[in-house]
Amino acid sequence: DRDAGVRVRRRVDDDEPDARAAGLLDAVDERAFVVRLERLDLRPRRATEVREKAYAPYSRYHVGAALLAEDGRIFVGANVENASYGLCQCAERSAIGSAVAAGARRILALAVVTQGEEPGTPCGMCRQVLSEFPPSFPIRCATTSGAVLDTDVASLLPHAFGPGHLGGSEST
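**Q** Looking at this structure, I do not really get the nonpolar core. What am I missing?
**A** A general feature of soluble globular proteins is that nonpolar side chains tend to end up buried together. The biggest cluster of nonpolar side chains holds 21 residues, and the ones touching the most others in it are Leu67, Leu110, Leu130, Phe137 and Ile139. Going through the elements one at a time, β2 (64-69), α3 (91-101), β4 (107-114), β5 (138-143) and α5 (153-156) are the ones with two or more residues in this core. Core analysis: the second largest hydrophobic core is formed by six residues, Ala47, Ala66, Ala111 and Val113 among them.

**Q** Explanation requested: the packing of aromatic side chains in the structure shown.
**A** The relation between two aromatic rings is expressed through the spacing of the ring centres and the mutual angle of the planes. Throughout the structure, instances matching the rule amount to one aromatic pair. Geometrically, the ring pair formed by tyrosine 58 and tyrosine 85 is edge-to-face, given 6.1 Å between the ring centres and 80° between the ring planes. Here tyrosine 58 is found in the loop between α2 (45-51) and β2, whereas its partner tyrosine 85 is found in the loop between β3 (74-78) and α3, with 27 residues between them in sequence. You can call tyrosine 58 partly exposed: its relative accessible area is 40%.

**Q** Before we go on, may I ask you to explain the pairing of β2 in this structure?
**A** Note on strand geometry: in a regular strand, side chains alternate between the two faces of the sheet. Taking burial as the measure, the six residues of β2 include six buried ones, the bulk of the element. Side chains Gly64, Ala66 and Leu68 project from β2 onto one buried face, and the interleaved Ala65, Leu67 and Ala69 project onto a second face that is buried too. Both β2 and β3 contribute to a ladder of five bridges, which runs antiparallel. Among the inter-strand pairings, glycine 64 is bridged to a residue of β3, identified as alanine 78. A loop of four residues connects β2 with β3, the two strands running antiparallel in sequence, and glycine 72 in this loop sits at a positive phi of about 95°.

**Q** Whenever I open this one, the pairing of β5 confuses me. Can you help?
**A** Most of β5 is tucked away: six of the six residues are buried. Because side chains alternate across β5, one face comprises the buried residues Pro138, Arg140 and Ala142, and the other comprises Ile139, Cys141 and Thr143, equally buried. The pairing of β4 with β5 spans five bridges and is classified as parallel. Residue pairing for β5: valine 112 is matched across the bridge by cysteine 141. Where the polypeptide runs from β4 across helix α4 (residues 124-130) and back to β5, its parallel neighbour, the crossover connection is right-handed. Relative to strand β6 (residues 148-152), β5 runs antiparallel, the two sharing five bridges. In the strand pairing of β6, arginine 140 is matched with aspartate 150.

Calculation notes
- Residues numbered from 1 in each chain as written.
- Predicted model: local features only at pLDDT ≥ 70, side-chain atom pairs only at ≥ 80, totals over all residues.
- Heavy atoms only, no water.
- Core = buried A, V, L, I, M, F, W, Y, C linked by side-chain atoms within 4.5 Å.
- Buried < 20%, exposed > 50% of the residue type's maximum accessible area, 1.4 Å probe, protein only.
- Helix = DSSP H or I, 4+ residues; strand = E, 2+ residues; numbered from the N terminus.
- Phe/Tyr/Trp six-rings, centres within 6.5 Å; stacked < 30°, edge-to-face > 60°.
- Pairing = 2+ DSSP bridges.
- Right-handed = clockwise from strand over helix to strand, strands pointing away.

Here it is as structure tokens:
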């Protein structure tokens, strides 16, 4: 089932205190999922703020990401486009790079904010990079118009290629 682990809600109300009451989640560990997203902010404010700083002169598709590290720090990233399209940097990978550069290795949650009516989810390359930081963590994808999709890394990239496939031990 390709929709396993994914819940979509059309609008986020500013006064909504509890994602569980809104029927957003059916994840195995609903409580941890909700707590992590609440710590990141139910309305992904930090991702929305950094989204406005994106450099997207070609697609004009601005993306912001904010991730919550285990130590409580929040790292943000925005997409950076390049005329040589293969060199573009996604917001999610920008946030991961900032976290890693600051010494963070464990991620508790990620928020991604895009434009349009439907939330954009991390691209395949970002999904692979996110899977490098187990265990799977919740991801809230939202739009500037208020649509929300809650999921997690394992649901976005089941059977991910990882360190175990290389025959060595996991890297840190």
